[in-house]
There are 2 protein chains.
Amino acid sequence: MERYFEEAFAKVNTTILTMGSLVEDQMQNAMKALVERDEALARRVIENDRRVNVLDLEIDEMAIECLARYQPAARDLRFLTTAMKISSELERMSDLAENICERAIELNAEPQLKPYIDIPYMAERAGIMVRESLDAFVKADAALARKVIDDDDVVDNLTEQLFRELLSFMIENPRTITRAIRLSFISKYIERVADHATNIAELVVYLAEGKIIRHTIPPHAP
Amino acid sequence: MERYFEEAFAKVNTTILTMGSLVEDQMQNAMKALVERDEALARRVIENDRRVNVLDLEIDEMAIECLARYQPAARDLRFLTTAMKISSELERMSDLAENICERAIELNAEPQLKPYIDIPYMAERAGIMVRESLDAFVKADAALARKVIDDDDVVDNLTEQLFRELLSFMIENPRTITRAIRLSFISKYIERVADHATNIAELVVYLAEGKIIRHTIPPHAP
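In this report, the structure presented in the accompanying data block is examined. In this text, all values refer to a predicted model and were calculated from it rather than measured experimentally. (Residues numbered from 1 in each chain as written. Chains lettered and ligands numbered in written order. Predicted model: local features only at pLDDT ≥ 70, side-chain atom pairs only at ≥ 80, totals over all residues. Heavy atoms only, no water.)

**Quick notes on the overall build of chain A**
So, point 1. When you go through chain A residue by residue, the secondary structure sums to six helices and zero strands.
So, point 2. Seen in sequence order, chain A has helices and strands lined up from the N terminus as α-α-α-α-α-α.
So, point 3. For a compact globule of 222 residues, the expected C-alpha radius of gyration is about 17 Å, and chain A comes in at 19 Å, within 12% of that figure.
So, point 4. Overall, the C-alpha framework of chain A stretches about 65 × 35 × 20 Å when taken along its three principal axes.
So, point 5. A burial count over chain A gives 59% of its 222 residues as buried.
So, point 6. Across chain A, contacts joining residues at least 24 apart in sequence account for 84% of those joining residues at least 6 apart.
So, point 7. Only carbon and sulfur atoms are counted for the fraction: they give 51% of the accessible area of chain A, which is about 9300 Å². (Helix = DSSP H or I, 4+ residues; strand = E, 2+ residues; numbered from the N terminus. Rg over C-alpha atoms; globule rule 2.2 N^0.38 Å. Buried < 20%, exposed > 50% of the residue type's maximum accessible area, 1.4 Å probe, protein only. Contact = heavy atoms within 4.5 Å. Areas by Shrake-Rupley, 256 points an atom, 1.4 Å probe, with all protein chains shown as cover.)

Structure follows, in structure tokens:
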């Protein structure tokens, strides 16, 4: 591998990691904004989505330039196309953090329906999946990627459990319906963040083992 | 452009279109399964998602092989990376058709809540957006792509209108809550199909004009 190519390669890697930690911050701040009913913070998360979008475009440009200039073969080629895909997944996660904040702002208009313990816990689990999927990418660690894929079930189960609780609120007292629905949307957004981490993990398994596991696991209802 | 490359290029194009018409079928059959309460058809749509997944992987492989073999420059390079992105968008649409069918099967366990007029209409509008976004891709027609982007507002407005109607059902009669929520999920799935068509249209504008409009339009809450 040429030295210049190696540098470009490392730059793509670093930018993915920067994007990943930004997305983690976005998710953590979205939860903080929800729990502390902090509208200013929610608006800041919505604003910061732009920074993630800029990184997404940068990674695309870097990868395309690498393809054009160095015409890499085999593994390096796959690394670059995978990086482009991972950056799309991260960008969608940031959109979801933004959506969480939109619902959080709406929820502030009414009294809090219930203590928020389970939702931040779900978000924390999803956040760990994001971090580990990117660790797995950087280290080409298929075993870690498979762990992420398994962990998706935990978040799915938590979403379903919360949904049933919210349903019982709604049935008992129709005045809770709007709030319960907004909370159920938030939990769906978190579930989708975990799905995107799973997508990254599947791409990593492919990159590391050359084995396609994308599309072999039935998708969960988002 | 080499003749072989031209052939490979055309093959990618054709496969995208095949995938697109399969996704359109999936959406139409999902609506038919919902409206006619046809569980067998719903299960067939869920089953057929596999065919879309196979095409997604094929397009990726074809594009990566083209990149490795012909090392295309500039516009051809962007065409291939765009094709890979479009195929991911189509694959997600098919997942959503599958999700619609899962909810349709659940809905069959109870009497129908309301006549299904607006939901199939929304799906039809979203389907037109899918078809036109792919037409725009094949013809590199930025004007058509921009029309698709504008049309997204129609689907968003329909989703919101339906959501308000479903909310009033739930508040008036808590026994409708489960069904109303399932229907609101279905409308969200359709809204997301339209969002994916919008993503494709944004990629086409970039391909045709070299102008990035991705991320310049604020995302709608999915």
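**Digging into the interface of chain B and chain A**
So, point 1. Across the contact, 47 residues belong to chain B and 47 residues belong to chain A.
So, point 2. Both faces considered, chain B and chain A share a buried interface measuring about 4000 Å² in area, 61% of it formed by carbon and sulfur atoms.
So, point 3. When the shortest N-O distance is used, the salt bridge between Glu89(A) and Arg92(B) registers 2.7 Å.
So, point 4. Taken together, the links from chain B to chain A amount to nine residue pairs in polar contact (both at pLDDT 80 or more).
So, point 5. Sort the elements by how many residues they give to the side of chain B that touches chain A and helix α3 (residues 74–107) of chain B lands first, with 15 residues. (Buried area = accessible area lost by both parts, 1.4 Å probe. Salt bridge = Lys/Arg side-chain N within 4 Å of Asp/Glu carboxyl O. Polar contact = N/O pair within 3.5 Å; in protein donor to acceptor, adjacent residues only side chain to side chain.)

**Examining helix α5 (residues 142–172) of chain A**
So, point 1. For α5(A), built from 31 residues, the straight-helix expectation of 45 Å at 1.5 Å per residue is met to within 8% by its first-to-last C-alpha distance of 47 Å.
So, point 2. Measuring from the side-chain oxygen of the N-cap residue of α5(A) to the backbone nitrogen of Ala143(A) gives 3.1 Å; that N-cap residue is Asp141(A). (Expected span 1.5 Å × (residues − 1).)

**A word on the packing of aromatic side chains**
So, point 1. The full count for this structure, using the stated rule, is eight aromatic pairs over all chains.
So, point 2. Both rings, one in Phe185(A) and one in Phe163(B), keep their centres 6.1 Å apart while their planes meet at 45°; by these two values the pair is tilted. Linking Phe185(A) in helix α6 (residues 177–209) with Phe163(B) in helix α5 (residues 142–172), this pair reaches from one chain into another. Comparing Phe185(A) with Phe163(B), the two get one shared label, buried.
So, point 3. Ring geometry for Phe79(B) versus Phe137(B): centroids 5.4 Å apart, planes at 5°, classification stacked. Placement of the pair is Phe79(B) in helix α3 and Phe137(B) in helix α4 (residues 118–139), with a sequence separation of 58 residues.
So, point 4. Residue Phe137(B) is classed as buried on the basis of its relative accessible area, which comes to 3%.
So, point 5. What links up through ring pairs into an aromatic cluster is the set Phe9(A), Phe79(A) and Phe137(A).
So, point 6. The cationic tip of Lys188(A) hangs over the ring face of Phe185(B); the distance from NZ or CZ to the ring centre is 5.0 Å. (Phe/Tyr/Trp six-rings, centres within 6.5 Å; stacked < 30°, edge-to-face > 60°. Lys NZ or Arg CZ within 6 Å of the ring centre and 35° of its normal.)

**Observations regarding the relation of the copies chain B and chain A**
So, point 1. Each copy superposes on the other: chain B lies on chain A with an RMSD of 0.0 Å after a rotation of 180° and an axial shift of 0.0 Å. Such a turn and shift between the copies fits a two-fold axis. Every residue of chain B has its C-alpha some distance from the rotation axis, and the shortest such distance is that of Gln71(B), at 2.9 Å.
So, point 2. Mapped onto chain A, 100% of the interface residues of chain B again fall at the interface, so both copies present the same surface. (Least-squares fit on C-alpha atoms with pLDDT ≥ 70 in both.)

**Thoughts on unusual backbone geometry**
So, point 1. Backbone geometry places Arg37(A), a non-glycine residue, at a positive phi of 50°.
So, point 2. Mapped onto the fold, Arg37(A) is located in the loop between α1 (3–35) and α2 (39–70).

**With respect to the pattern of salt bridges**
Close approach of charged atoms lets side chains of opposite charge pair.
Residues and elements named next belong to chain A.
So, point 1. Scanning all chains against the criterion turns up 36 salt bridges over all chains.
So, point 2. Measuring nitrogen to oxygen at the nearest pair gives 3.1 Å for the salt bridge that ties Glu 165 to Lys 114. Of this pair, Glu 165 sits in helix α5 while Lys 114 sits in the loop between α3 (74–107) and α4 (118–139), and the two are 51 residues apart along the sequence.
So, point 3. For Glu 165, a relative accessible area of 29% puts it in the partly exposed group.
So, point 4. Given a relative accessible area of 7%, Lys 114 falls into the buried group.
So, point 5. Taken together, the shared-partner salt bridges in this structure form one network comprising Glu 102, Arg 103, Glu 106 and Arg 182.

**Some points on the nonpolar core**
So, point 1. Ranked by size, the top nonpolar core spans 156 residues in total, and within it Ile16(A), Leu90(A), Ile190(A), Ile16(B), Leu90(B) and Ile190(B) carry the most contacts.
So, point 2. If we ignore the near neighbours within four places in the chain, the residues touching Ile190(A) are Met27(A), Met31(A), Ile100(A), Ile119(A), Met122(A), Ala123(A), Ala126(A) and Val155(A). (Core = buried A, V, L, I, M, F, W, Y, C linked by side-chain atoms within 4.5 Å.)

**Concerning the packing of α4(A) against α5(A)**
All names here are of chain A.
So, point 1. Where α4 meets α5, the axes come as close as 10 Å, and the angle between the chain directions of the two elements is 165°. Classified by the interaxial angle, the pair formed by α4 and α5 is roughly antiparallel. The way α4 lies across α5 gives a crossing that is left-handed. Within the contact between the two elements, α4 uses Asp 118, Ile 119, Tyr 121, Met 122, Arg 125, Ala 126, Met 129, Glu 132, Ser 133, Asp 135 and Ala 136 and α5 uses Leu 144, Ala 145, Lys 147, Val 148, Asp 151, Asp 152, Val 154, Val 155, Leu 158, Thr 159, Leu 162 and Glu 165. (Axes fitted to C-alpha atoms, helices over the stretch in contact; angles between N-to-C directions. Parallel < 35°, antiparallel > 145°, perpendicular 65-115°, else oblique. Left-handed = near helix turned anticlockwise from the far one by under 90°.)

**Examining the environment of Glu132(A)**
Residues and elements named next belong to chain A.
So, point 1. Mapped onto the secondary structure, Glu 132 falls in helix α4.
So, point 2. Look at Glu 132 and you get buried, because its relative accessible area is 18%.
So, point 3. Taking the C-alpha atoms as reference points, Glu 132 and Pro 111, 21 residues apart in sequence, are found 36 Å from one another.
So, point 4. Setting aside residues no more than four positions away along its own chain, Glu 132 makes contact with Leu 144, Lys 147, Val 148 and Asp 151.
So, point 5. In this structure the side chain of Glu 132 is engaged in a polar contact, spanning 2.8 Å, whose partner is the side chain of Lys 147.

**Examining the packing of helix α2 (residues 39–70) of chain B against α3(B)**
Residue and element names in this part refer to chain B.
So, point 1. Running from amino to carboxyl end, α2 crosses α3 at an angle of 170°, the nearest separation of the two axes being 9 Å. It follows from the interaxial angle that α2 and α3 lie roughly antiparallel. Between α2 and α3 lies a crossing whose hand is left-handed.
So, point 2. By residue class, the composition of the contact of α2 with α3 is 17 nonpolar, four polar and nine charged. (Nonpolar A, V, L, I, M, F, W, Y, C, P; charged D, E, K, R; others polar.)

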